Protein chains: 2
Amino acid sequence: MSTTETYTHETAPTQYIPVNGVQFAYRTFGKADGLPLIFLQHFTGTMDNWDPLVTNGLAETHRIVLFDNVGVGNTSGETPTTVAQMTRDAYDFIQALGFERVDVLGFSLGNFIAQQLILDHPTLVRRVILAGGAPVGQGADEFKFVTSNLGGKSPKDILLYLFFAATPSSQQQGEAFIQRLQSRVVDHDIPSTVQVFQAQYRAIVDWCNIPDPEFTRLAQITQPALVVQGSNDTMFPTSQSVLLFQHLPNAQLSLYPDSSHGSLFQHARLFAEQVRYFLQAED
Amino acid sequence: MSTTETYTHETAPTQYIPVNGVQFAYRTFGKADGLPLIFLQHFTGTMDNWDPLVTNGLAETHRIVLFDNVGVGNTSGETPTTVAQMTRDAYDFIQALGFERVDVLGFSLGNFIAQQLILDHPTLVRRVILAGGAPVGQGADEFKFVTSNLGGKSPKDILLYLFFAATPSSQQQGEAFIQRLQSRVVDHDIPSTVQVFQAQYRAIVDWCNIPDPEFTRLAQITQPALVVQGSNDTMFPTSQSVLLFQHLPNAQLSLYPDSSHGSLFQHARLFAEQVRYFLQAED
């Protein structure tokens, strides 16, 4: 496995592993020893949508595992319509790679999958980073509203609109982020299809509609959790990360300035540094 | 000034400098170059009340300046009864040391003084850490309530009660903090007198009663700010740091788990690491 150290976000080859009749596409790079850090991706995102500043930054100290879940990017199959099934698929993929214990970084839809993964397999996950997300039972209206305004926008404009705040400084950082996404010039993922959009949309809205007014699910997530969000997230309101922080038994919260849903990319160096510190803390 | 590098929290001698007829007591240690980091202390605290894990941790990368404000600890004079006057005194002390530009770390009452210092002298402060505080116009009732329960408690029990959460794990961290405060065995400060308690009490309550419902003061603090608080601060409720974060133009927020007013000491290593990263960011 030490060959992971010779690769970066830009050079790690896309590998494939069969799981339950599906060919899972994944890339792994970074430090060979220690627990792997599994990245769980956002709505319609593929491996190519992770910020190299984040992945390469964390690869200095951790083994990074990016993958496309079922039906997304270069992974075969049809994208399921529930977070529960996406979580089962992610679990089976992690098991197929032979990992018995992992750290997990989930962003947006990936944040939800990370929560579900811990609930379903409490001993698998050591520490979790929950970026740009919400507890169940929150935010369906906001998600439906922001995603109702995507028609006619280019992929680039969608990223700027959904991930960055409506300020000149944030939009400028958005342009820089989009530039960084071009740093990998070979072996790209297939962009998400309409089927992915529709299935993940339904999964997210259904997640947001699961009632849990007492936050009983969060009480069961006893792992150390780092909750991260922008100062003004228009997709999953910032107040929902405050709820995550308040109801998770062992969480710390970081809210970043001048930022929206993509705050972890806008403040990529800070985010990578905080994640590194969080993961290296003693248990 | 390079001799500061030979000293630590434990060994830095208490020095004195005359300012406006007052002998200011201060200690300085840590890295010689770069902007000094001025520490502004909490209600009734002296230089001896800073956590060596924080001060020594930050001394690796910054020049640390601890001091007793007028009438506190080993500084002569009578403690004033307003944050405004405490701020003037702190400014005069900083000027007397010859610093034209500084970073500031304010905790609790020191948080208020840090805010006022930036309002009064906007070009003096480069970056500010605002721990365990609140905007003006908030929290007088909570402060009066928690401080009404101090009678009959030992100094140690007061620290455990005010600074740490009512959980076994937080109280255990409180004991460790109190142990760390003993690491400096020479040249102690004189503990605060009743006059300090009463004057600072009045200053805090009056600060909490200054009306500013539109948070116009915070809008003027454009410096990068790191806002830090515990998950359940009983002295200045955690929601007040969320208000600081929301209304400061350029703030990031870190809320720490399982902690109360002294979260920066309970999570001293994390806090020092976050402050170091925050101060080293590019401007």
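Up top is the structure these notes are about.
This write-up is about the structure you can find in this document.

Each value, and the rule that gives it
- Residues numbered from 1 in each chain as written.
- Chains lettered and ligands numbered in written order.
- Predicted model: local features only at pLDDT ≥ 70, side-chain atom pairs only at ≥ 80, totals over all residues.
- Heavy atoms only, no water.
- Least-squares fit on C-alpha atoms with pLDDT ≥ 70 in both.
- Contact = heavy atoms within 4.5 Å.
- Helix = DSSP H or I, 4+ residues; strand = E, 2+ residues; numbered from the N terminus.
- Buried area = accessible area lost by both parts, 1.4 Å probe.
- Salt bridge = Lys/Arg side-chain N within 4 Å of Asp/Glu carboxyl O.
- Polar contact = N/O pair within 3.5 Å; in protein donor to acceptor, adjacent residues only side chain to side chain.
- Nonpolar A, V, L, I, M, F, W, Y, C, P; charged D, E, K, R; others polar.
- Buried < 20%, exposed > 50% of the residue type's maximum accessible area, 1.4 Å probe, protein only.
- Axes fitted to C-alpha atoms, helices over the stretch in contact; angles between N-to-C directions.
- Parallel < 35°, antiparallel > 145°, perpendicular 65-115°, else oblique.
- Left-handed = near helix turned anticlockwise from the far one by under 90°.
- Pairing = 2+ DSSP bridges.
- Right-handed = clockwise from strand over helix to strand, strands pointing away.

### Structural notes on the relation of the copies chain B and chain A
Here comes step 1: You can overlay chain B on chain A at an RMSD of 0.0 Å; the transform is a turn of 180 degrees with a shift of 0.0 Å along its axis. Taken together, the rotation angle and the small translation identify this as a two-fold axis. In terms of C-alpha distance to the rotation axis, chain B has S254 of chain B as its closest residue, with the C-alpha 2.3 Å off the axis.
Here comes step 2: A high fraction, 100%, of the interface residues of chain B reappear at the interface in chain A, so the copies pair face to face through one surface.

### A word on the side chain of S170 of chain B
Here comes step 1: Structurally, the position occupied by S170 of chain B is in helix α6 (residues 168-180).
Here comes step 2: Filtering out sequence-adjacent residues up to four positions away, S170 of chain B remains in contact with F164, A165, D258, S259 and Q266 of chain B.

### Re the interface of chain B and chain A
Here comes step 1: Of the residues lining the interface, 15 residues belong to chain B; the matching set on chain A comes to 15 residues.
Here comes step 2: Summing both sides of the interface, chain B and chain A together bury roughly 1500 Å²; the carbon and sulfur share of this comes to 61%.
Here comes step 3: Ranking the residues of chain B by area buried against chain A places Q252, L255 and Y277 of chain B at the top, with a combined share of 35%.
Here comes step 4: Where chain B meets chain A, there are 0 salt bridges.
Here comes step 5: At the boundary of chain B and chain A, one finds 7 residue pairs in polar contact (both at pLDDT 80 or more).
Here comes step 6: Looking at the side of chain B that touches chain A, the element that brings in the most residues is strand β8 (residues 251-256) of chain B, giving 6 residues.
Here comes step 7: Here the residues of the side of chain B that touches chain A are counted per class, giving 8 nonpolar, 5 polar and 2 charged.

### Here's the deal with helix α1 (residues 52-59) of chain A
All names here are of chain A.
Here comes step 1: The element α1 is largely enclosed, with a buried count of 6 among its 8 residues.
Here comes step 2: Here α1 has its buried residues at P52, V54, T55, G57, L58 and A59.
Here comes step 3: Of the residues flanking the start of α1, the one acting as N-cap is D51, its side-chain oxygen 2.8 Å from the backbone nitrogen of L53.

### Some points on the pattern of salt bridges
Here comes step 1: Counted by the stated rule, this structure contains 18 salt bridges over all chains.
Here comes step 2: When the shortest N-O distance is used, the salt bridge between D206 of chain A and R202 of chain A registers 3.7 Å. Of this pair, D206 of chain A and R202 of chain A both sit in helix α7 (residues 194-208), separated by 4 residues, roughly a single helical turn.
Here comes step 3: Residue D206 of chain A is classed as partly exposed on the basis of its relative accessible area, which comes to 37%.
Here comes step 4: The partner of D51 of chain B in a salt bridge is R180 of chain B, with the nearest N and O atoms 2.6 Å apart. Residue D51 of chain B is located in the loop between β3 (36-40) and α1 (52-59), and its partner R180 of chain B is located in helix α6; the two are separated by 129 residues in the primary sequence. Summarising the burial analysis for this pair, D51 of chain B and R180 of chain B share the class buried.

### What about the packing of α1 of chain A against helix α11 (residues 268-280) of chain A?
All names here are of chain A.
Here comes step 1: Remark: α1 packs on α11, axes separated minimally by 9 Å, with the N-to-C direction vectors making an angle of 30 degrees. Here α11 runs roughly parallel to α1, going by the angle between their axes. The way α1 lies across α11 gives a crossing that is right-handed. Residues L53, V54, G57 and L58 of α1 form the contact with α11, whose own contacting residues are A268, R269, F271, A272, V275 and R276.
Here comes step 2: Residue composition of the contact of α1 with α11, grouped by class: 7 nonpolar, 1 polar and 2 charged.

### Details of the pairing of strand β5 (residues 102-107) of chain A
All names here are of chain A.
Here comes step 1: Here β5 lies mainly inside the structure; 6 of its 6 residues are buried.
Here comes step 2: The alternating pattern of β5 places V102, V104 and G106 and D103, L105 and F107 on opposite faces, both of which are buried.
Here comes step 3: Here strand β3 (residues 36-40) pairs with β5 via 4 bridges, running parallel. Its bridge partner being in β5, L37 is matched across the sheet by D103.
Here comes step 4: Pairing of β5 with strand β6 (residues 125-131) involves 5 bridges; the strand directions are parallel. The residue bridging F107 from the neighbouring strand is A131, located in β6.
Here comes step 5: Considered for its hand, the β-α-β crossover made up of β5, helix α3 (residues 109-120) and β6 is right-handed.

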